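Coordinate inspection notes
One letter stands for each residue in the lines below.
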Amino acid sequence: MLIGKVAGSVVSTRKSENLIGNKFMIVHVLEPMQNGAKQLIAVDKIGAGIGEYVLVAQGSAARVGSGLENAPVDAAIVGIIDDGTGLE
Amino acid sequence: MLIGKVAGSVVSTRKSENLIGNKFMIVHVLEPMQNGAKQLIAVDKIGAGIGEYVLVAQGSAARVGSGLENAPVDAAIVGIIDDGTGLE
Amino acid sequence: MLIGKVAGSVVSTRKSENLIGNKFMIVHVLEPMQNGAKQLIAVDKIGAGIGEYVLVAQGSAARVGSGLENAPVDAAIVGIIDDGTGLE
Amino acid sequence: MLIGKVAGSVVSTRKSENLIGNKFMIVHVLEPMQNGAKQLIAVDKIGAGIGEYVLVAQGSAARVGSGLENAPVDAAIVGIIDDGTGLE
Amino acid sequence: MLIGKVAGSVVSTRKSENLIGNKFMIVHVLEPMQNGAKQLIAVDKIGAGIGEYVLVAQGSAARVGSGLENAPVDAAIVGIIDDGTGLE
C-alpha cells in the first residue's frame, strides 16, 4: 500500500453502472511512496476528508473487502492514518 | 484509477476473438497521474469522445463490470469526467 | 494496453510445462507507451511478424481469452495494429 | 518479490473492517529493487522487527497464503532475510 | 515477461508457511527490460543456475502453472533462455 493526502475529488456522471454511488478522490501520493505517479484517483469507502493522510490499496486488493468486487476500481482508500506527522 | 484525455483510436483487424466489437482509444494520461507511460490504449464501453477527460481503470479491474471478464483487456475507460478544468 | 513493434523472439527449451508450444516475442514498446521498460517479452497467439505494430495486454489479462489461463504468462500480443503510421 | 528494510509502522484507527488486527509497516526498499517507490506500506504476518531485511510480495500474492484473501492488502512481508549483508 | 540474469540467492528461514521449499533467486533484469527495478527476487521451479539468462513472469502469473497457487509469490523464473547472446 501507499500513503497519500486527499486533495479533492472529481465528478463523473456518465460512468460504468458498477461505479454508481462511489466517490472518486484525488490523492497526492507522498513523495517517497510514489511508484510513478504523483497523483491517483481512489474510491473512498471510509469517509476521508480533504487534507487527511490515507492508506491506499491498489490492484485487485482495491475491490476486495470494500464491497466493490464487481466494480472497475483499481485503487481504494482503505484506512485513514492517525498521525501523518513526519511522514512527509 | 487515473485521468487522461482521449486523443484518438487505433484499429486492429487481426485480434483476439474476445476483443471483437471493442474500440481501442489512445488516452493521454495527465502528467501528474502518469505512472510511467504518457499514453495508453484503453477499451471504451462508455462512449467517450476525442478531447474528453476520462477515468481509466487498469489491471483486472478493467475487465470487471464492463462485460469483459473473458477479454484480454488491461485498461478500460470507466467514466467521463464532468469537468476537467484545473486538472491539467 | 500498450503498442509495440515486434523485434524478434527468444527460445527457451527448459521452461514451465504450461508454456510449451508458445512463442516468446521481443516487443519494443513505443516510447510514449513505455511504463518503465523499453522492451518486454510477450506470448503471441495471433501470428505477428517482425516489424509489425501490436497491441499487448499485461497482467492477468494476458492469460484471459488466449487459452493461457494456466500458463505463467504476464504479457500477450492480442492484436495487430492495421496501420502504425504516426504512432511512433 | 523485493527486499526492503523495516523502518517503522503507521497506525490507522479508522480503516476497512477487513484490515482490523493487521500491522502496517513502513518498508524502505533496497535501491536496486525499487520499482518506482523508495518506500511502501506492507502488512506483516511474520513478526518482523525494525531494521530487519524482509521479503515483500506485492499484488494479489500479498493476500494469498497469509489468511488475507478478503483484505484490501496489496503488499505483505512474507519472509525475513537471514543475512542482509552485501545486499545494500 | 522480462529477461534477467541469475546473480545469486537469498535465504529466509522465518517465512510464510506457503513459501517453504522454495528458492529465492536474485535476478538482474536486462537494462532495456527494467520496468523500474534493476533487480528482483523470483522463485525458481526450473533449476536455473547463476549466470543463466531466464524468463521471469510477474504478478498472478507467477503463481499459475508452477504449483504455487497458494503461495505469496509475485515473480517466478518460468524458463531458461537457450542463448542470451546479443540480449545484453
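Attention here is on the structure that accompanies the text. (Residues numbered from 1 in each chain as written. Chains lettered and ligands numbered in written order. Predicted model: local features only at pLDDT ≥ 70, side-chain atom pairs only at ≥ 80, totals over all residues. Heavy atoms only, no water.)

**Focus on the overall build of chain A**
- For chain A, the helix and strand inventory stands at zero helices and five strands.
- A globule of 88 residues ought to have a C-alpha radius of gyration of about 12 Å, and chain A, at 12 Å, matches this closely.
- In chain A, buried positions account for 60% of the 88 residues.
- Roughly 3300 Å² of accessible area belongs to chain A as shown, and the carbon and sulfur atoms make up 47% of that amount.
- Across chain A, the centroid of the 7 positively charged side chains sits 10 Å from that of the 9 negatively charged ones. (Helix = DSSP H or I, 4+ residues; strand = E, 2+ residues; numbered from the N terminus. Rg over C-alpha atoms; globule rule 2.2 N^0.38 Å. Buried < 20%, exposed > 50% of the residue type's maximum accessible area, 1.4 Å probe, protein only. Areas by Shrake-Rupley, 256 points an atom, 1.4 Å probe, with all protein chains shown as cover. Lys, Arg positive; Asp, Glu negative; His and termini not counted. Charge placed at Lys NZ, Arg CZ, Asp CG, Glu CD.)

**As for the sheet that holds strand β1 (residues 2-10) of chain C**
All names here are of chain C.
- If you walk around this closed barrel you meet the five strands as β1-β2-β3-β5-β4, and the pairing is mixed. Within this sheet the neighbouring strands show an average axis-to-axis angle of 55°, counted without direction.
- Sheet topology note: the strand β3 (residues 39-44)/strand β5 (residues 75-80) ladder contains two bridges and is parallel. Bridged to Asp44 within β5 is Ile77. (Pairing = 2+ DSSP bridges. Axes fitted to C-alpha atoms, helices over the stretch in contact; angles between N-to-C directions.)

**Notes on the relation of the copies chain D and chain E**
- Here chain D sits on chain E after a turn of 72° about the axis and a move of 0.0 Å along it, with an RMSD of 0.0 Å. Those values place the two copies in the arrangement expected of a five-fold rotation axis. No C-alpha of chain D approaches the rotation axis more nearly than that of Gly36 of chain D, which lies at 4.8 Å.
- Take the interface residues of chain D: only 8% of them recur as interface residues in chain E, which is what a contact between different surfaces looks like. (Least-squares fit on C-alpha atoms with pLDDT ≥ 70 in both. Contact = heavy atoms within 4.5 Å.)

**Examining the nonpolar core**
- Formed by 175 residues in total, the largest nonpolar core has its most connected members in Ile3 of chain A, Ile3 of chain B, Ile3 of chain C, Ile3 of chain D together with Ile3 of chain E.
- Those residues in contact with Ile3 of chain C that sit more than four places away from it in its chain are Val10 and Ile41 of chain B together with Val29, Leu30, Met33, Tyr53, Val54, Leu55, Ile81 and Leu87 of chain C. (Core = buried A, V, L, I, M, F, W, Y, C linked by side-chain atoms within 4.5 Å.)

**Quick notes on the interface of chain D and chain E**
- Listed by partner, the interface residues are 25 residues for chain D and 28 residues for chain E.
- Summing the contributions of chain D and of chain E, the shared interface buries around 2000 Å²; its carbon and sulfur component is 55%.
- The interface formed by chain D and chain E holds two salt bridges in total.
- Glu52 of chain D is the partner of Arg14 of chain E in a salt bridge, and the nearest nitrogen-oxygen pair spans 3.4 Å.
- Inspection of the region where chain D meets chain E yields 14 residue pairs in polar contact (both at pLDDT 80 or more).
- Per element, the largest residue contribution to the side of chain D that touches chain E is four residues, and it comes from strand β4 (residues 53-58) of chain D. (Buried area = accessible area lost by both parts, 1.4 Å probe. Salt bridge = Lys/Arg side-chain N within 4 Å of Asp/Glu carboxyl O. Polar contact = N/O pair within 3.5 Å; in protein donor to acceptor, adjacent residues only side chain to side chain.)

**Looking at the side chain of Ser16 of chain D**
- Along the polypeptide, Ser16 of chain D turns up in the loop between β1 (2-10) and β2 (24-29).
- Overall, the relative accessible area of 7% leaves Ser16 of chain D in the buried class.

**What to know about the interface of chain B and chain C**
- Contacts between the two partners involve 28 residues from chain B and, on the opposite side, 25 residues from chain C.
- At the boundary of chain B and chain C, one finds two salt bridges.
- Where chain B meets chain C, there are 14 residue pairs in polar contact (both at pLDDT 80 or more).
- Elements supplying a minimum of two residues to the side of chain B that touches chain C: β2 (24-29) and β3 (39-44) of chain B.
- Among the elements that take part in the side of chain B that touches chain C, β3 of chain B stands out by supplying four residues, more than any other.
- Per-class residue counts for the side of chain B that touches chain C are 13 nonpolar, nine polar and six charged. (Nonpolar A, V, L, I, M, F, W, Y, C, P; charged D, E, K, R; others polar.)

**Describing the pattern of salt bridges**
- Inspection of the entire model under this criterion finds ten salt bridges over all chains.
- Residue Glu31 of chain A pairs with Lys38 of chain D through a salt bridge whose shortest N-O separation is 3.5 Å. Of this pair, Glu31 of chain A sits in the loop between β2 (24-29) and β3 (39-44) while Lys38 of chain D sits in the loop between β2 and β3 (39-44), which puts the two residues in different chains.

**A look at the relation of the copies chain B and chain C**
- Aligned on chain C, chain B shows an RMSD of 0.0 Å; the corresponding rotation is 72° and the shift along the axis is 0.0 Å.
- Counting the interface residues of chain B, we find that no more than 7% of their copies in chain C are interface residues as well, pointing to two distinct contact surfaces.

**Considering the environment of Phe24 of chain C**
- Locating Phe24 of chain C in the fold gives a position in strand β2 (residues 24-29).
- For the pair Phe24 of chain C and Asn35 of chain C, spaced eleven residues apart in sequence, the C-alpha to C-alpha distance is 20 Å.

**A few points about the sheet that holds strand β5 (residues 75-80) of chain D**
Residue and element names in this part refer to chain D.
- Taken together, the five strands give a closed barrel; going around it, the order is β1-β2-β3-β5-β4, and neighbouring strands pair in mixed fashion. Pairwise comparison of adjacent strand axes, ignoring direction, gives a mean angle of 55° for this sheet.
- One ladder, built from five bridges, connects β2 with β3; its direction is antiparallel. By the bridge assignment, Met25 is partnered in β3 with Ala42.

**Quick look at the pairing of strand β4 (residues 53-58) of chain B**
Residues and elements named next belong to chain B.
- Counting buried positions over the six residues of β4 gives five, a clear majority of the element.
- As defined by bridge partners, strand β1 (residues 2-10) adjoins β4 across four bridges and the pair is classed as antiparallel. Residue pairing for β4: Gly4 is matched across the bridge by Val54.
- Sheet analysis places β4 next to strand β5 (residues 75-80), joined by five bridges and oriented antiparallel. Its bridge partner lying in β5, Gln58 is registered against Ala75.

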